[in-house]
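Geometric and topological summary
Residues per chain, in single letters:
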Amino acid sequence: MSAGDRESTSGASGDAPDGGSGKPASRAGRNLGAAIGVGVALGAVILLTLLTYRHSFLAVIGAAVAVATWELAGALKRSRGIEVALLPVLVGGQAMLWLSWPFGRDGVLAAFVVTILACLAWRFRGGQEGFVRDVTASVFTAAYVPLFAAFAAMLVLPEDGVGRVVAFIVGVVASDTGGYAAGVFFGKHQMAPTISPKKSWEGFAGSLVAGMVAGALSLTLMLDGQWWQGVLFGIALVVTATAGDLAESLIKRDLGIKDMGTLLPGHGGLMDRMDSLLPSAVVSWLLLSLFVPVP
């Protein structure tokens, strides 16, 4: 999980000098104390829900999706005057998540389609000026945040759902942590200088090593998978986490902003923590459904 444009040489967060706290930044360019504290707190909340009543994880996702949707819609409006159909996207986003519980993919797809129709109708009152722009942004927001997050919700539904969610989260965290460490100490060669100047190939290599190890251990110890499947799973998560990070960096550069919000000290907004998780949730569900089919 990284923070878009605030990367260190690894691609982890770091461009902000103090993480918004007024305290000196670390060598990586962020307030590590605040960042680690927030990360541990978020992880504790997730583990608590998974280890008590796993379906309560949907409530955590629902709250995160609502906040991230609000942040993205607010950033689009402040920076470009783009009006996302916020109410339909917020309500439709919750429908995608909660309908995944009884109806799975069919429920998610149905809710997404109805959300698009609602966005079209909602924008009628604004007239023709900017109609295509606003509707396009609304559909993008609905797909980018709640639709992608619905795949994380579907991970927890099977009997071994706790292991599936943990494998997904551990894989993304390992990618970020391995890349962060390798980039800080060894990063020299820029990976995407025009998008994220501080992201390095050395950091990406560190992400790959950590991701493959985490994937192999997760699938063999927590799920009925093979080590080589775990390696492929880890590689896939590193690729999607990195791509998600770069994609959000491009969005923020296009909008001319540094962070999506200021909710989390040392991280920016919640959307800045979900950039690598959202696309990785989709790939996690797809690969785990293939490697460890639900009975």
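Residues numbered from 1 in each chain as written. Predicted model: local features only at pLDDT ≥ 70, side-chain atom pairs only at ≥ 80, totals over all residues. Heavy atoms only, no water.

**What about the nonpolar core?**
One broad trend across soluble globular proteins is that nonpolar side chains are buried collectively. Short version of the rule: Buried residues of nine kinds, namely Ala, Val, Leu, Ile, Met, Phe, Trp, Tyr and Cys, make up a nonpolar core once their side-chain atoms join them within 4.5 Å. Exposure categories follow from relative accessible area, calculated using a 1.4 Å probe and restricted to protein chains: below 20% of the type maximum is buried, above 50% is exposed, and the middle band is partly exposed. The helix and strand labels rest on DSSP assignments: H or I over at least four residues marks a helix, E over at least two residues marks a strand, and numbering proceeds from the N terminus. Throughout, a residue-residue contact means that at least one pair of heavy atoms, one from each residue, lies within 4.5 Å.
Counting 67 residues, the largest nonpolar core has Ile-61 and Phe-168 as the members making the most contacts within it. Only helix H1 (32-52), helix H2 (57-80), helix H3 (86-123), helix H4 (131-155), helix H5 (161-186), helix H7 (227-255), helix H8 (271-274) and helix H9 (277-291) provide two or more residues apiece to this core. Here this core takes 13 residues from H4, the largest share from any one element. In this view, Ile-61 contacts Leu-97, Ala-149, Ala-152 and Ala-153; residues no more than four positions away in its chain are not counted.

**Describing the UniProt feature "transmembrane region" (unreviewed entry) in the protein chain**
Selection criterion: UniProt positions are given in the numbering used here, feature names are shortened, and annotations may be inferred rather than shown by experiment.
Within the UniProt annotation, "transmembrane region" (unreviewed entry) is assigned to residues 32-51, 57-76, 83-101, 107-124, 136-156, 162-182, 203-221 and 227-247. What you have in residues 107-124 is 94% helix and 0% strand, and the ends, taken at the C-alpha atoms, are 26 Å apart. Counted over residues 203-221, helix gives 100% and strand 0%. Its end C-alpha atoms are 27 Å apart.

**Considerations on the packing of aromatic side chains**
Our working rule: Geometry of aromatic contacts follows a simple scheme: Phe, Tyr and Trp rings, the Trp one being its six-membered ring, pair when their centres are within 6.5 Å, and the pair is stacked under 30 degrees between planes, edge-to-face over 60, tilted otherwise.
For the structure shown, the criterion picks out six aromatic pairs. Ring centres of Phe-140 and Tyr-144 lie 5.2 Å apart, and the angle between their planes is 25°; this geometry places the pair in the stacked category. In this pair, Phe-140 and Tyr-144 both sit in helix H4, four residues apart, roughly one turn of the helix. Under the relative-accessibility criterion, Phe-140 is labelled partly exposed at 37%. Between Trp-228 and Phe-291, the aromatic rings sit 6.2 Å apart at their centres with planes inclined by 70°, giving edge-to-face as the arrangement. Remark: Phe-291 occurs in helix H9 and Trp-228 occurs in helix H7; sequence separation between them is 63 residues. Among the residues examined, Trp-228 registers a relative accessible area of 42% and is labelled partly exposed. In this structure Phe-291 comes out as buried when scored by relative accessible area, which is 13%. Ring-pair connections join several aromatic residues into one group, and the members of that group are Phe-140, Tyr-144 and Phe-148.

**Notes on the side chain of Arg-54**
Let me state the cut-off plainly: N or O atoms closer than or at 3.5 Å make up a polar contact, with two conditions inside protein: a donor-capable atom paired with an acceptor-capable one, and, for residues adjacent in sequence, both atoms drawn from side chains.
Relative to the elements of secondary structure, Arg-54 occurs in the loop between H1 and H2. Polar side-chain contacts of Arg-54 include one of 3.0 Å to the backbone oxygen of Leu-157. Ignoring anything within four residues of it in the chain, the contact list for Arg-54 reads Thr-49, Val-156, Leu-157, Pro-158, Glu-159 and Val-162.

**Observations concerning a nonpolar patch on the surface**
We apply this condition: Within the patch definition used here, like charges are joined within 9 Å and nonpolar side chains (Val, Leu, Ile, Met, Phe, Trp, Tyr) within 5 Å, considering only residues with over 30% relative accessible area and no salt bridge. The Shrake-Rupley method, run with a 1.4 Å probe, gives the accessible areas here. Residue values count only the displayed protein chains as cover. Salt-bridge detection follows one rule: a side-chain nitrogen of Lys or Arg within 4 Å of a carboxyl oxygen of Asp or Glu.
Where nonpolar side chains cluster on the molecular surface, the patch consists of Leu-109, Val-113, Leu-117, Leu-120 and Phe-124 and spans about 480 Å² of accessible area. Judged by relative accessible area, Leu-117 falls into the exposed class, the value being 52%.

**So, the layout of surface pockets**
So the rule is basically this: A cavity, in this analysis, means grid points on a 1 Å lattice covering only the protein atoms where a 1.4 Å probe fits yet has no way out; a pocket is instead an open set bounded by protein on both sides within 12 Å along at least five of seven lines, and a residue lines either one if it has an atom within 4 Å of a point. Grid points are joined across faces, edges and corners, and a volume is the space filled by probe spheres set on the points. Each residue gets one label: Ala, Val, Leu, Ile, Met, Phe, Trp, Tyr, Cys and Pro are nonpolar, Asp, Glu, Lys and Arg are charged, and the others, such as Gly, are polar.
If you add up the space inside the second largest pocket, you get close to 260 Å³. Glu-83, Val-84, Ala-85, Leu-86 and Trp-122 are the residues nearest the centre of the second largest pocket, which is lined by 17 residues in total. For the lining of the second largest pocket, the residue count by class is nine nonpolar, three polar and five charged.

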